Amino acid sequence: MASADKQSIDLHELIALLNKDRALILEKIDQGYWPELRHDLAALERELGQFLASASEKFEN
């Protein structure tokens, strides 16, 4: 059972870390970094946000 608890904590930490990365991408886009990739990175950020929200909901249930 301890292994399952450890795995749950690891998944929660992973989701949090990915959310930080997503926020950093958005911040850098807003600051004007990578103008030639802005459209693609914005789409990636939106998809990552949706994925992490879904993963968080499943994690909570």
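Predicted model only: the values in this text are computed from it and were never measured.

Let us look at the overall build of the protein. The helix and strand inventory of the protein stands at 2 helices and 0 strands. Every one of the 61 residues in the protein was classed for burial, and the buried ones make up 11%. Taken as a whole, the protein presents about 5000 Å² of accessible surface, with 58% of it coming from carbon and sulfur.

Moving on to the side chain of E45. Here E45 lies in helix α2 (residues 38–60). At 2.5 Å, the side chain of E45 and the side chain of R22 are in polar contact. Non-local contacts of E45, meaning those with residues more than four positions away in its chain, are made with R22, I25 and L26.

Now for the packing of aromatic side chains. On inspection of all chains with the given rule, the structure shows 1 aromatic pair. Their ring planes at 55° and their centres at 5.6 Å tell us that Y33 and W34 sit as a pair that is tilted. A relative accessible area of 37% places W34 in the partly exposed class. When the ring centre of Y33 is taken as origin, the NZ or CZ atom of K28, which lies over that ring, is 4.6 Å away.

Reading guide: rules and limits
Residues numbered from 1 in each chain as written. Predicted model: local features only at pLDDT ≥ 70, side-chain atom pairs only at ≥ 80, totals over all residues. Heavy atoms only, no water. Helix = DSSP H or I, 4+ residues; strand = E, 2+ residues; numbered from the N terminus. Buried < 20%, exposed > 50% of the residue type's maximum accessible area, 1.4 Å probe, protein only. Areas by Shrake-Rupley, 256 points an atom, 1.4 Å probe, with all protein chains shown as cover. Polar contact = N/O pair within 3.5 Å; in protein donor to acceptor, adjacent residues only side chain to side chain. Contact = heavy atoms within 4.5 Å. Phe/Tyr/Trp six-rings, centres within 6.5 Å; stacked < 30°, edge-to-face > 60°. Lys NZ or Arg CZ within 6 Å of the ring centre and 35° of its normal.

Interpretation note: all reported values are geometric properties and have no functional meaning in isolation.
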